[in-house]
Structure formats: C-alpha cells, structure tokens
Amino acid sequence: MNPQFQADLEAALATVTDAARAPAMRAYMRDQFDYLGVGTPLRRLAAKPLLKTLKGSGADNLLNYAHALWELPQREYQYVAIDLLAMHWKEMDISHISRLLALAQNKSWWDTVDALAAVISDVLRHKHDEMDAALTHDNMWVRRIALLHQLGWRDKVDTNRLFNYALTLSHEKEFFIQKAIGWALRDYARHDPDAVREFILKEKPRLSALSFREANKHLSK
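To keep things clear, this report deals only with the structure shown in the data block. (Residues numbered from 1 in each chain as written. Predicted model: local features only at pLDDT ≥ 70, side-chain atom pairs only at ≥ 80, totals over all residues. Heavy atoms only, no water.)

**Notes on the side chain of H149**
Then, in step 1: Residue position: H149 is located in the loop between helix 9 (140–148) and helix 10 (159–168).
Then, in step 2: In terms of polar contacts, H149 uses its side chain to reach the side chain of H128, at 2.9 Å.
Then, in step 3: Setting aside residues up to four positions removed in sequence, H149 forms contacts with S121, L124, K127, H128, M131, R161 and Y165. (Helix = DSSP H or I, 4+ residues; strand = E, 2+ residues; numbered from the N terminus. Polar contact = N/O pair within 3.5 Å; in protein donor to acceptor, adjacent residues only side chain to side chain. Contact = heavy atoms within 4.5 Å.)

**Thoughts on the layout of surface pockets**
Then, in step 1: Taken as a whole, the largest pocket encloses approximately 210 Å³ of empty space.
Then, in step 2: Around the largest pocket, the lining is made up of 13 residues, and of these R43, R44, Y79, D111 and A115 lie nearest the centre.
Then, in step 3: When contributions to the lining of the largest pocket are tallied by element, the ones reaching two or more residues are helix 3 (40–52), helix 5 (75–87) and helix 7 (110–124).
Then, in step 4: Here the residues of the lining of the largest pocket are counted per class, giving seven nonpolar, one polar and five charged. (1 Å grid on protein atoms, 1.4 Å probe; cavity = no way out; pocket = protein on both sides within 12 Å on 5 of 7 lines; lining within 4 Å. Points joined across faces, edges and corners; volume = space filled by probe spheres on them. Nonpolar A, V, L, I, M, F, W, Y, C, P; charged D, E, K, R; others polar.)

**Considerations on empty space enclosed by the protein**
Then, in step 1: Scanning the model with the defined rule gives one cavity of 30 Å³ or more in all.
Then, in step 2: Size it by volume and the largest cavity reaches roughly 50 Å³.
Then, in step 3: If you go around the largest cavity, the residues you meet are L147, Q150, L151, V157, L162, A184, D187 and Y188.
Then, in step 4: No other element matches helix 11 (residues 175–189), which puts three residues into the lining of the largest cavity.
Then, in step 5: The residue inventory of the lining of the largest cavity, partitioned by class, reads six nonpolar, one polar and one charged.

**Notes on a positive patch on the surface**
Then, in step 1: Together, K48, K52, K55, K90, R125 and K127 make up a region of like positive charge exposed at the surface.
Then, in step 2: Topologically, K55 is positioned in the loop between helix 3 and helix 4 (59–70). (Patch = residues over 30% accessible without salt bridge, like charges linked within 9 Å, V, L, I, M, F, W, Y side chains within 5 Å. Areas by Shrake-Rupley, 256 points an atom, 1.4 Å probe, with all protein chains shown as cover. Salt bridge = Lys/Arg side-chain N within 4 Å of Asp/Glu carboxyl O. Lys, Arg positive; Asp, Glu negative; His and termini not counted. Charge placed at Lys NZ, Arg CZ, Asp CG, Glu CD.)

**Concerning helix 7**
Then, in step 1: Its 15 residues give helix 7 an end-to-end C-alpha distance of 20 Å, which sits within 8% of 21 Å, the value for a rise of 1.5 Å per residue.
Then, in step 2: The element helix 7 is largely enclosed, with a buried count of eleven among its 15 residues.
Then, in step 3: Among the residues of helix 7, D111, T112, V113, D114, L116, A117, V119, I120, S121, V123 and L124 are the ones counted as buried.
Then, in step 4: R125 sits one or two residues past helix 7 and shows a positive phi near 55 degrees. (Expected span 1.5 Å × (residues − 1). Buried < 20%, exposed > 50% of the residue type's maximum accessible area, 1.4 Å probe, protein only.)

**What about the environment of R43?**
Then, in step 1: Looking at the element boundaries, R43 is found in helix 3.
Then, in step 2: In sequence terms R43 and V16 are 27 residues apart; their C-alpha atoms lie 7.3 Å from each other.
Then, in step 3: In this structure, R43 is in contact with L13, V38, E76, Y79, V80 and D83, ignoring residues within four places of it in sequence.

**Considering the packing of aromatic side chains**
Then, in step 1: Counted by the stated rule, this structure contains eight aromatic pairs.
Then, in step 2: Note on F163 and F199: the rings are 4.1 Å apart at their centroids and 5 degrees apart in plane angle, and the pair reads as stacked. Taken together, the residues span a long stretch of sequence, with F163 in helix 10 and F199 in helix 12 (residues 193–202) at a distance of 36 residues.
Then, in step 3: F163 sits in the buried class, given a relative accessible area of 14%. (Phe/Tyr/Trp six-rings, centres within 6.5 Å; stacked < 30°, edge-to-face > 60°.)

**Points about helix 9**
Then, in step 1: Among the nine residues that make up helix 9, nine are buried, leaving the element largely enclosed by the rest of the structure.
Then, in step 2: For helix 9, every residue scored as buried is listed here: M140, W141, V142, R143, R144, I145, A146, L147 and L148.
Then, in step 3: Where the residues of helix 9 are buried, they touch helix 6 (97–104), helix 7, helix 8 (131–135), helix 10 and helix 11.
Then, in step 4: A side-chain oxygen of the first residue of helix 9 lies 2.8 Å from the backbone nitrogen of W141; this N-cap is N139.

**Some remarks on the pattern of salt bridges**
Then, in step 1: Overall, the coordinates contain 14 salt bridges when judged by the stated rule.
Then, in step 2: Between R44 and D83 there is a salt bridge, and its shortest N-O distance comes to 3.4 Å. Taken together, the residues span a long stretch of sequence, with R44 in helix 3 and D83 in helix 5 at a distance of 39 residues.
Then, in step 3: Among the residues examined, R44 registers a relative accessible area of 48% and is labelled partly exposed.
Then, in step 4: Among the ionic pairs, R143 bridges to E172, the shortest N-O distance being 2.8 Å. Of this pair, R143 sits in helix 9 while E172 is found in the loop between helix 10 and helix 11, placing the two residues 29 residues apart along the sequence. Take R143 and E172: they sit in the same class, and that class is buried.
Then, in step 5: Through salt bridges with shared partners, one network takes in K179, R186, E214 and K217.

Structural data, given as structure tokens:
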C-alpha cells in the first residue's frame, strides 16, 4: 500500500474519530478488536474520496491494498478494506475468490465475514466457482460464506445447491453455521416461499431448531 495513501486515510479518519465511542464498539465485538471510534456513515464519507482514486488500478492492486489495510490494528481499517472491495468489485473475477476467502480467515468475526460474503456474491456473478470446496473447508467462516453466497439472487438461486448446502452442514452445532442456514433459506423464501416451506417441513428432523426457526420466520405469517 502506498505510504501516502495510508497517511491520507489516517488523517481522513482522524477528522471523524470519536475516541469516546471506541470502548462501546470494542465491547460490542466482545473485546476482540481495537477501534478508533468511527461510525459507519462517517467512515464511508471520509474514506470515499481516497477509495475512488483506486478505480481502474486492477484487481490485484485493489486486493493488495485490502490485505494491507487488514493488517492495521484498528477494526475500522478492515471495514475500509471491505468498502474498497465493494466499491470496485467489478474489477475482480472468479480467479480472485481465493484471495477474498483468505481475508475472511484473518481477524474473523461475523461483521467482516458477512460483508466479504456480499462482495464474493457480486464477484461470482450468479456462478458458484469455489463454493462447493468452501462448503467443506476447515475454516468455519469460509463454510458460512458458502452458505450465504446466493443471498439476494432470487430467481438466480440454484435451489438444489441451496438445499443441499443446508443439509450438508445441518449436523453442525456451531451457532454461526446454524444461523447462516436459516438466513439463506429465509432469504430465498422471499422469492419462493412454497419451495422453502416444503423443504423445511420435510427436513425438519435434520435441521437445527435455530435453522428451522430462522427459515420459518416470515413463512408462518
């Protein structure tokens, strides 16, 4: 990462930092990460002009910047990295999925992982490259991304893949996996409620109570 870019970013964030907010932000993330004390709207407003200057610099350069930002100590810099990738995702393609998944395995928690899942979803462009392998990855957060990669795809969702993914991981006791199964099913239910209703009723013995409850959240109304 260009040292001047980092210096300019630090200066931009300093203008919107409220250090008094940092302890509460840190506590919300179970004291796993340090924070400057910058909320999302102000962070995006402050960083956007700098992130726009990287347009057209190429996927490898964008990912290099993202990985460098990931190594900075305060959590806001990981959020800026995701803002950068989300802003310029059209410069990436399937060949860059592995580097995005690598980010998800570093300083992992739901906030960055779910945001990266959204970027990966865009980059996949309604395809599923690397997601079958991700589903059985040793890293739980990578498996979560596989479950979530079709969020918002509506009629582009591969229904068989969605249901098979849910059943493949239905035995897991991990909260974030059970929640992701339910979230993925609930999201697709907005497009095809009958298919999801039929699936969860048929497979209820295999689904965790949490997954079933999340999937059924809007179906019962």
